[in-house]
Structure formats: structure tokens, C-alpha cells
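A structural walkthrough
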Amino acid sequence: ASQRLVVKEDSLDLSLGEPRNRVFNYFLSRGWVVRCGLKFGSDFMLYRDTPEESHAEYGVRICDPDQDWSDILGWSRLAVSTAKEALLVILGDDGSTLSEVVVQRWQP
């Protein structure tokens, strides 16, 4: 199955804190409820409401631009099998930009 990538870039003051904390605060500032995603092979899970009231819409994985795509594809399969969208977060080299890449599996 092929993959379709949807990319969105955003600029934000991400210069404070470690990468995980910066990404956590980024999604929190955009209204998401952010929880640990280790159970689903992700760094974070994103909920529109509390986890008690809704299911997570996204599994988030923080990666660097040189990440091995075979790891990403395996992770995206896991996200799809648990009814989540796979959302990659790539931090820019300067630490002030963040790219979101939604990886969707295409199934004919």
C-alpha cells in the first residue's frame, strides 16, 4: 500500500525546553488534550476532549529529518490498526519551526 503525506509547517517559539516538552506545549496551546502514547507506539496521543469522553484522533511521533522510513511505516501501520491517524512531528534545525506530516495509508 502506498502512503499519502499531508504536510503543514508552523512557526512558533519552540526555543524553550527539550523537544518532547516543546512538542507537548505546541499541541496543548492549540487546544488538544495531550497524553502519553507509549501504549500505542507513539510519543503522544491527541484528544479533542478528555480521554474519558473521546478516543484519540492522532498518534504523534517526534522524529528527525534523517529518520529511517521503514520505522515510520511500521509505526503508521500500528496507528491505523488502532483507528488513529499517524502524525509525524519534525523539528527544524533552528528549533523554531515544526512540521506536521500526516501519514495516511492508501488502501484500494
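Given the structure is predicted, the values throughout are model-derived calculations rather than measurements.

A look at the overall build of the protein chain
A count of helical and extended segments in the protein chain gives 2 helices and 6 strands. When burial is assessed residue by residue, the protein chain has 38% of its 108 residues classed as buried. For the protein chain, the computed accessible surface area is about 6500 Å², with 50% contributed by carbon and sulfur atoms.

Considerations on the pattern of salt bridges
Counted under the stated rule, the structure contains 2 salt bridges. One salt bridge in this structure joins D43 and R20, with 3.3 Å as the shortest N-O distance. You can see D43 sitting in the loop between β2 (33–36) and β3 (44–47) and its partner R20 sitting in helix α1 (residues 19–29), a full 23 residues away along the chain. Classification of D43 as buried rests on a relative accessible area of 19%. Here E57 makes a salt bridge to R48, at a shortest N to O gap of 2.7 Å. Accessibility expressed as a relative area gives 28% for E57, which makes it partly exposed.

Remarks on unusual backbone geometry
Although it is not a glycine, A83 sits at a positive phi angle of roughly 60 degrees. With respect to the secondary-structure elements, A83 resides in the loop between α2 (69–81) and β5 (85–91). Since its relative accessible area comes to 66%, A83 is described here as exposed.

Examining a negative patch on the surface
Taken together, the side chains of D64, D66, D93 and D94 present a region of like negative charge at the surface. On the secondary structure map, D64 appears in the loop between β4 (58–63) and α2.

Reading guide: rules and limits
Residues numbered from 1 in each chain as written. Predicted model: local features only at pLDDT ≥ 70, side-chain atom pairs only at ≥ 80, totals over all residues. Heavy atoms only, no water. Helix = DSSP H or I, 4+ residues; strand = E, 2+ residues; numbered from the N terminus. Buried < 20%, exposed > 50% of the residue type's maximum accessible area, 1.4 Å probe, protein only. Areas by Shrake-Rupley, 256 points an atom, 1.4 Å probe, with all protein chains shown as cover. Salt bridge = Lys/Arg side-chain N within 4 Å of Asp/Glu carboxyl O. Patch = residues over 30% accessible without salt bridge, like charges linked within 9 Å, V, L, I, M, F, W, Y side chains within 5 Å. Lys, Arg positive; Asp, Glu negative; His and termini not counted. Charge placed at Lys NZ, Arg CZ, Asp CG, Glu CD.

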